[in-house]
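# Structural characterization, general
Below are the chains, spelled out letter by letter.
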Amino acid sequence: MLPVEHLHLEHVLQTVSVLESVVLHSFGPEGGQVLFTRDTGQAMLSRSGTRILTALRLEHPLARMVVECVLKHSTVTGDGSKTFILLLASLVRMIHTTACKEPNVSHTYNSREAAEAATARHLADELLSFALEELDDIIAMGVVPYGCCLSWEDFTAKTQLPAHTNNHSVQKLLASFFHSRLGRTHCDFISSLTCELLTHWRFKNDLPSLSLQFVNDNLPALHTPVLGFPISCSRLIEGQVIHRDFSTPCPQTDHQPVKAVVFTGHLQPKLLSAGEVLELGCGEQRMKRSVVQFSAWAERSLECVIANLQSLGVSVLLSAVKQSAAVLALAAQADMCIVECVSEDELSLFSRLSGATPASDCWMIEPEHVATLTFCRPILLGAHRYVHVAFHDSEERVLVKPCSLVLCGPGEGQTDQYACAFRDAIRMLLSTWEPMGMTATTASKRTVQSNKSTSLHMDNQIPNAPPFQQGVLEPGSVIPAGGTFEFLLNHALLQQRHSCSVSDDTNMGVPAVSHLLANALLSVPRQIYSHNLRCFLQTQTRILSFIQNHSHPVSRVYKHKQDTILIQDRGKREFPLEEGKQSMHCCREADVSSKVFIWDSGLESVFCKYQLLLAVLQCVSSLLQVDTVLCTHTALHTQSRGLANISWEDTEDEAED
């Protein structure tokens with residue numbers, strides 16, 4: 001019989017507390033790098049929560065379950081892995097404390113542990129239900145109005161700013177992200193480089209999410225890692241870099257257009273037609289003569305293929321496979337260049353940008369398979385030589401200027417870390433710009449909600465606040481970083497608790513869970529300001545004082561023609577702010593200096609925070625449903641993906657509800 005391990009609430013708390021102690025070393029603006037060493041002596045230095053968690057050798061299935069939840073969340077939003085663990089530990093700790101205080105009914109449960117487990121599961125389910133039904137409205141009314149919305153022009157605006165400045169809204173958002181991943185030194189430079197890349201990749205008549213999705217899908221083919229150089233040497237270069245070298249001498253174009261063909265198969269002789277016979281005899285002499293005849297026939301057939309390509313003006317052949325020596329020799333004689341073993345991602349991107357259709361039959365190559373390039377030449381990046389191509393402009397991509405990212409780093413581990421951070425930043429922007437729409441449950445709830453109830457919620461959370469938009473979260477919603485989201489949502493949840501207590505004395509579940517979630521949220525700013533408790537208290541007091549002293553939040557934030565930001569207060573005059581500054585509220589005529597809230601700590605995505613809370617609450621509910629672990633003897637299957645990037649497979653059977 002398999003050994004059985006019964007899980008108690010303390011076991012869950014111990015597991016998440018251990019994971020919390022690991023990520024706390026690198027959490028927040030003052031967090032440091034975490035150094036891991038492998039059995040081979042290879043070292044990894046990282047601040048990425050995902051890389052840190054996946055580098056751990058976790059044997060307990062509960063810990064692997066938590067890490068799997070973190071990975072699934074970070075894969076979608078690209079951010080929040082360390083905050084995920086921090087919030088998870090805080091919630092489990094508070095649920096454990098609440099469950100232990102609850103009176104146990106001896107005739108209902110066999111033991112105190114069973115009673116605590118049942119109470120904890122009930123609280124976790126209530127928290128998740130509350131979040132799915134109420135959290136979007138609370139964030140929409142209690143958090144979003146104090147931030148601002150980025151427009152698509154903000155994502156792709158051409159700003160000629162030095163690398164050390166940070167006056168662009170999207171640069172503020174990206175700088176906050178890169179600060180937590182790469183540190184303070186390089187965050188401004190990388191954020192400027194990301195904005196510049198997005199400026200180039202803007203397709204005509206495409207939605208912002210489609211352009212961001214295109215960059216996200218093609219990022220492996222769009223970036224080239226270069227080792228041995230500082231990150232400040234990273235740059236954008238025109239066109240596409242194909243990560244292979246020329247198999248035959250590269251063409252001498254002399255600044256003339258080049259025609260290329262993408263071929264997905266082998267160049268081979270034409271198949272024998274009906275009635276055509278190639279005689280093969282027996283005997284040594286006759287066999288030798290037959291081989292010579294076959295070779296001559298095959299060569300003539302391949303010469304016809306090369307001649308057909310020459311008649312179309314083709315001088316470059318991009319091949320997905322390795323071609324034969326005979327093909328390479330004939331191509332060299334014809335001054336035709338071949339690039340072999342090009343990856344599928346790079347060929348797909350090349351076809352999309354050039355407009356040419358890949359060919360699979362060398363005997364059926366037509367003009368639609370031929371791409372016209374501005375140039376095709378070798379390029380030396382670091383210690384490797386690649387193929388560099390550029391494309392002619394087309395009417396379908398008026399705004400697109402194809403470019404590739406050269407990402408430099410002193411070593412393999414650091415360069416890979418920069419590439420992962422860049423990829424996750426694109427995912428974060430995509431999540432910020434493409435939030436979930438209103439769910440059917442939320443829409444139905446809002447439809448049946450009475451005007452009185454709506455007025456009560458509005459009065460208790462944001463006095464005289466304007467009604468929010470029809471969508472749950474408007475695309476591009478951001479909030480000042482540094483714990484602002486948590487402080488605002490904490491206040492809104494406490495107001496929600498008071499509202500529910502006043503409106504319905506019989507409903508004791510919502511006030512309890514909203515208070516629990518509100519207290520758990522404060523664990524994030526406590527860690528952000530863990531180096532200075534006074535800073536934590538000052539920030540909290542300043543935000544709460546701001547909410548109480550102002551009748552309504554930002555009505556609208558927009559840019560003036562002279563690149564100044566105006567904060568418009570309905571019925572009041574407009575006050576210009578210094579370029580690039582973000583304000584949390586509408587300024588009044590009196591005492592402007594004391595009421596304008598300038599934030600220099602960057603921005604963060606509201607929707608990513610919302611998704612993070614839902615993912616954490618779902619993980620808590622799942623964890624507390626686990627009652628027993630069956631300890632099997634199946635070997636742990638691991639697969640290394642890069643430096644210390646480990647995934648676990650076939651471990652679902654090790655933990656059952």
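Please read all numbers here as calculations on a predicted model, not as lab measurements.

Rules used in this analysis
Residues numbered from 1 in each chain as written. Predicted model: local features only at pLDDT ≥ 70, side-chain atom pairs only at ≥ 80, totals over all residues. Heavy atoms only, no water. Helix = DSSP H or I, 4+ residues; strand = E, 2+ residues; numbered from the N terminus. Buried < 20%, exposed > 50% of the residue type's maximum accessible area, 1.4 Å probe, protein only. Contact = heavy atoms within 4.5 Å. Areas by Shrake-Rupley, 256 points an atom, 1.4 Å probe, with all protein chains shown as cover. Phe/Tyr/Trp six-rings, centres within 6.5 Å; stacked < 30°, edge-to-face > 60°. Pairing = 2+ DSSP bridges. Axes fitted to C-alpha atoms, helices over the stretch in contact; angles between N-to-C directions. Expected span 1.5 Å × (residues − 1). Parallel < 35°, antiparallel > 145°, perpendicular 65-115°, else oblique. Left-handed = near helix turned anticlockwise from the far one by under 90°. Nonpolar A, V, L, I, M, F, W, Y, C, P; charged D, E, K, R; others polar. pLDDT = per-residue confidence, 0-100. Core = buried A, V, L, I, M, F, W, Y, C linked by side-chain atoms within 4.5 Å. Salt bridge = Lys/Arg side-chain N within 4 Å of Asp/Glu carboxyl O. Disulfide = S-S within 2.5 Å.

### Details of the overall build of the chain
The number of helices and strands found in the chain is 21 helices and 21 strands. Looking at the 657 residues of the chain, the share that counts as buried comes to 50%. Across the chain, the fraction of contacts at a sequence separation of at least 24, relative to all contacts at a separation of at least 6, is 73%. Within the structure as shown, the chain displays about 31200 Å² of accessible surface, and the carbon and sulfur contribution to it stands at 52%.

### Comments concerning the packing of aromatic side chains
Going through the model one piece at a time under the given rule, you end up with six aromatic pairs. Pairing Tyr146 with Phe546 gives two aromatic rings, centres 5.8 Å apart and planes at 70°, and the pair type is edge-to-face. Of the two residues, Tyr146 sits in the loop between α5 (112-142) and β4 (148-149) while Phe546 sits in helix α19 (residues 533-549), which places them 400 residues apart along the sequence. Pair check on accessibility: Tyr146 and Phe546 agree, each one buried.

### Brief notes about the sheet that holds strand β6 (residues 235-238)
Read across the open sheet, the three strands follow the order β5-β13-β6; overall the sheet is mixed. The outermost strands of the open sheet, each flanked by one partner alone, are β5 (223-227) and β6. Across the sheet, the axes of successive neighbouring strands diverge by a mean angle of 30°, strand direction being ignored. By the bridge criterion, five bridges tie β5 to strand β13 (residues 403-409) in an arrangement that is parallel. Among the inter-strand pairings, His223 is bridged to a residue of β13, identified as Leu405. The sheet strands contacting helix α9 (residues 208-222) are β5 and β13, and the helix crosses β5 at an angle near 40°.

### Things to note about the environment of Trp433
Relative to the assigned elements, Trp433 resides in helix α13 (residues 412-433). As for Trp433 and Ser151, which are separated by 282 residues in sequence, their C-alpha atoms are 8.9 Å apart.

### Things to note about the sheet that holds strand β10 (residues 337-339)
Read across the sheet, six strands follow the order β7-β12-β11-β8-β9-β10 without closing on themselves; strand pairing throughout is mixed. The open sheet has two free edges, formed respectively by β7 (240-242) and β10, since each of these has just one partner strand. Looking at each pair of strands side by side, their axes are set apart by 40° on average, direction ignored. Sheet topology places strand β9 (residues 314-319) next to β10; three bridges connect them, and they run parallel. When the bridges of β10 are listed, Leu317 appears paired with Ile338.

### As for helix α1 (residues 9-23)
Because an α-helix completes one turn every 3.6 residues, residues spaced three or four positions apart along the sequence face the same direction. Helix length check: α1, at 15 residues, gives a terminal C-alpha distance of 22 Å against a target of 21 Å (1.5 Å per residue), a fit within 8%. Every buried residue of α1 is accounted for by Leu9, Val12, Leu13, Thr15, Val16, Leu19, Glu20, Val22 and Val23. The inward-facing, buried residues of α1 abut α2 (49-55), α3 (61-77), α4 (81-101), α5 and α21 (606-625).

### With respect to the packing of α5 against α21
At a minimum axis separation of 8 Å, α5 and α21 run at an interaxial angle of 165°. As judged from the angle between their axes, α5 and α21 are roughly antiparallel. Here the hand of the crossing between α5 and α21 comes out left-handed. From α5, Ala120, Arg121, Ala124, Asp125, Leu127, Leu128, Ala131, Leu132, Leu135, Asp136 and Ile139 reach across to α21, where they touch Val606, Tyr610, Leu613, Leu614, Leu617, Gln618, Val620, Ser621, Leu624 and Gln625. Class assignment for the residues of the contact of α5 with α21 results in 15 nonpolar, three polar and three charged.

### Thoughts on unusual backbone geometry
Both trends apply: most residues other than glycine have a negative phi, and most peptide bonds are in trans. In this structure, Asp335 is a non-glycine residue whose phi angle is positive, near 60°. When its relative accessible area of 65% is taken as the criterion, Asp335 is described as exposed. For Cys341, which is not glycine, the phi torsion reads 55° and is therefore positive. Among the residues examined, Cys341 registers a relative accessible area of 33% and is labelled partly exposed.

### Section: the side chain of Ser74
Note that Ser74 resides in helix α3. Setting aside chain neighbours within four positions, we find Ser74 in contact with Thr50, Asp79 and Arg427.

### Some thoughts on the packing of α3 against α13
Packing of α3 against α13 leaves a shortest axis separation of 6 Å and a crossing angle of 75°. Our classification of the angle between α3 and α13 gives roughly perpendicular. Between α3 and α13, the residues in contact are Ser74, Thr75, Val76 and Thr77 and Asp424, Arg427, Met428 and Ser431, respectively. When its residues are assigned to classes, the contact of α3 with α13 shows two nonpolar, four polar and two charged.

### Looking at the confidence of the model for the chain
When pLDDT is averaged along the chain, the result is 75; 69% of the residues meet or exceed 70. Here helix α20 (residues 592-595) stands out as the least confident element of the chain, with mean pLDDT 30; β7 is the most confident, with 96. In this model residues 436-471 is a low-confidence stretch, pLDDT under 50, and it forms 60 contacts with partners more than four residues away in sequence or in other chains. Low pLDDT (under 50) marks residues 637-657, which in the prediction has 51 contacts with non-local residues, meaning those over four places away or in another chain.

### Observations concerning the nonpolar core
Within the largest apolar cluster, 83 residues are counted, with the highest numbers of intra-cluster contacts made by Phe84, Leu88, Leu91, Ile95, Ile139, Leu489 and Val620. Sort the elements by how many residues they give to this core and α21 lands first, with 13 residues. In contact with Leu88, not counting residues within four places along its chain, are Val16, Val66, Val616, Cys619, Val620 and Leu623. Counting 62 residues, the second largest nonpolar core, distinct from the first, contains Leu236, Leu349, Leu405 and Leu429.

### Overview of the pattern of salt bridges
Charged atoms that come close allow side chains of opposite charge to pair. Tallied over the full model, the rule gives 10 salt bridges. The salt bridge partner of Lys609 is Glu486, with a shortest N-O separation of 2.7 Å. In this pair, Lys609 is assigned in helix α21 and Glu486 in helix α16 (residues 484-503), connecting sequence segments 123 residues apart. Overall, the relative accessible area of 2% leaves Glu486 in the buried class. Glu604 serves as the salt-bridge partner of Lys609, at 3.8 Å between the closest nitrogen and oxygen. Here Lys609 matches Glu604 in class, with each residue buried. Here the residues in one salt-bridge network are Arg181, Arg423, Asp424 and Arg427, joined through shared partners.

### Here's the deal with the state of the cysteines
Taken as a whole and assessed by the stated rule, the structure comprises zero disulfides. With no disulfide of its own, Cys376 has Cys337 as its nearest cysteine by sulfur position, at a separation of 5.8 Å.

### Overview of the pairing of strand β3 (residues 43-46)
Of the two faces of β3, only one is covered, namely that formed by Met44 and Ser46; the face formed by Ala43 and Leu45 stays uncovered. From the end of strand β2 (residues 34-37) to the start of β3, which pair antiparallel, there are five residues, and Gly41 there has a positive phi angle of about 95°.

### Topic: the environment of Gln171
With respect to the secondary-structure elements, Gln171 resides in helix α7 (residues 169-182). Spatially, the C-alpha atom of Gln171 lies 5.4 Å from that of Ser191, the residues being 20 residues apart in sequence.

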